[in-house]
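Chain by chain, the residues run as shown.
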Amino acid sequence: MSEPASISRGIAARYATAVFELAKDGKALKALEDDVSSLSSALVDSADFRDLVSSPVVSRAELEGSITAIAKKAKLSKIVTNTLAMMAQNRRLFVLPHLVETLKELLAAERGEVTADVVSAKALTKAQSDKLAKSLSVQFGKDVNIHATVDESLIGGLVVKVGSKMIDTSIASKLASLQNAMKEVG
């Protein structure tokens, strides 16, 4: 991981932990979950919002005013609104994407859930996805949410990543292993 990315993740983790603990103490986890969903959607759907968050040329006062107005219009909770305003004052809004991801992870952990990133050669059917989630739930002892993507270069099989564990059953990786084994022999 590059240094700037790890610094951003570290800053985001501190803010996320503080926001999560405040929401948990105030019994406002549901509101926090709604806020995280709204912010996640805004980051995906609005190029203007992404530009505002990452712009180094917008002054602190303008940034704080804009982010507070956006938070008010989006009806974000007081905890999240105040955190975003403080991040704007400290010129830390550039970590917002990492903050959202970290908050999603903290909320999922609180619910006893874990996310599995699944890459397959072709799109999984609902039945396949459900069966995989059930199988992973048994293995990890938690409810598993599947985040599926398609990569045709796998040829077949799956690459499943849950936390730091990875299971690679793709044909592409098996062919690469075979190729390496053949190089060692000859």
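Now for a description of the structure that goes with this document. (Residues numbered from 1 in each chain as written. Predicted model: local features only at pLDDT ≥ 70, side-chain atom pairs only at ≥ 80, totals over all residues. Heavy atoms only, no water.)

### Some words on empty space enclosed by the protein
Link 1 in the chain: Summed over all chains, the structure comprises one cavity of 30 Å³ or more.
Link 2 in the chain: Lining the largest cavity, in full, are V19, L32, D35, V36, L39, V80, T83, L84, L99 and L103.
Link 3 in the chain: Mapped by element, the contributors of at least two residues to the lining of the largest cavity are α2 (29–45), α5 (78–89) and α6 (96–110).
Link 4 in the chain: Take the lining of the largest cavity: its biggest share by element is four residues, from α2.
Link 5 in the chain: In terms of residue class, the lining of the largest cavity is built from eight nonpolar, one polar and one charged. (1 Å grid on protein atoms, 1.4 Å probe; cavity = no way out; pocket = protein on both sides within 12 Å on 5 of 7 lines; lining within 4 Å. Points joined across faces, edges and corners; volume = space filled by probe spheres on them. Helix = DSSP H or I, 4+ residues; strand = E, 2+ residues; numbered from the N terminus. Nonpolar A, V, L, I, M, F, W, Y, C, P; charged D, E, K, R; others polar.)

### Some remarks on the layout of surface pockets
Link 1 in the chain: Size it by volume and the largest pocket reaches roughly 520 Å³.
Link 2 in the chain: Taken together, 18 residues form the lining of the largest pocket, with E101, K104, E105, T115 and D117 sitting closest to its centre.
Link 3 in the chain: Residue assignment for the lining of the largest pocket shows that the elements contributing at least two residues are α6, β1 (113–120) and β2 (143–150).
Link 4 in the chain: The greatest single-element share of the lining of the largest pocket, amounting to seven residues, is contributed by α6.

### Let's talk about the environment of V144
Link 1 in the chain: Its location among the elements puts V144 in strand β2.
Link 2 in the chain: What makes V144 buried here is its relative accessible area of 9%.
Link 3 in the chain: For V144 and D130, which are 14 residues apart along the polypeptide, the C-alpha to C-alpha distance reads 9.6 Å.
Link 4 in the chain: Ignoring anything within four residues of it in the chain, the contact list for V144 reads V114, A116, A133, L136 and S137. (Buried < 20%, exposed > 50% of the residue type's maximum accessible area, 1.4 Å probe, protein only. Contact = heavy atoms within 4.5 Å.)

### A look at the pairing of strand β4 (residues 165–168)
Link 1 in the chain: Where strand β3 (residues 158–162) lies against β4, four bridges are found, and the strand directions are antiparallel. What sits directly across from K161, in β4, is M166.
Link 2 in the chain: Hairpin geometry of β3 and β4 is characterised by an intervening segment of two residues between the two adjacent antiparallel strands and by a positive phi of about 60° at G163. (Pairing = 2+ DSSP bridges.)

### Focus on helix α4 (residues 60–73)
Link 1 in the chain: Given a rise of 1.5 Å per residue, 14 residues ought to cover 20 Å, and the 20 Å separating the end C-alpha atoms of α4 matches this to within 8%.
Link 2 in the chain: Among the residues of α4, those classed as buried are L63, I67 and A71. Along the axis of α4, the buried positions cluster into a sector of 60°, meaning they face one direction only. When the buried face of α4 is taken as reference, the exposed residues oriented beyond 90 degrees from it are A61, K72 and K73. (Expected span 1.5 Å × (residues − 1). Arc of directions from axis to C-beta.)

### Here's the deal with the side chain of S40
Link 1 in the chain: Within the secondary structure, S40 sits in helix α2.
Link 2 in the chain: Ignoring any residue separated from it by four or fewer positions in sequence, one finds S40 in contact with V100 and K104.

### Observations regarding the packing of α2 against helix α3 (residues 47–54)
Link 1 in the chain: Packing of α2 against α3 brings their axes to within 5 Å, and their N-to-C directions diverge by 100°. On the basis of the axis angle, α2 is roughly perpendicular to α3. On the side of α2, the interface is formed by L39, A42, L43, V44 and D45, while α3 contributes A47, F49 and R50.
Link 2 in the chain: Looking at the contact of α2 with α3 residue by residue, the classes come out as six nonpolar, no polar and two charged. (Axes fitted to C-alpha atoms, helices over the stretch in contact; angles between N-to-C directions. Parallel < 35°, antiparallel > 145°, perpendicular 65-115°, else oblique.)

### As for the nonpolar core
Link 1 in the chain: The biggest cluster of nonpolar side chains holds 30 residues, and the ones touching the most others in it are L32, L39, L84, L93, L96, L99 and L103.
Link 2 in the chain: Elements that contribute at least two residues to this core include exactly α1 (3–25), α2, α3, α4, α5 and α6.
Link 3 in the chain: A total of seven residues in this core trace back to one element, the largest contributor, which is α1.
Link 4 in the chain: Leave out the neighbours within four places in its chain, and L32 touches V19, F20, A23, V80, L103 and L107.
Link 5 in the chain: Grouped together as the second largest cluster of nonpolar side chains are eight residues, V114, V118, L136 and V144 included. (Core = buried A, V, L, I, M, F, W, Y, C linked by side-chain atoms within 4.5 Å.)

In short, geometric facts, not functional conclusions.
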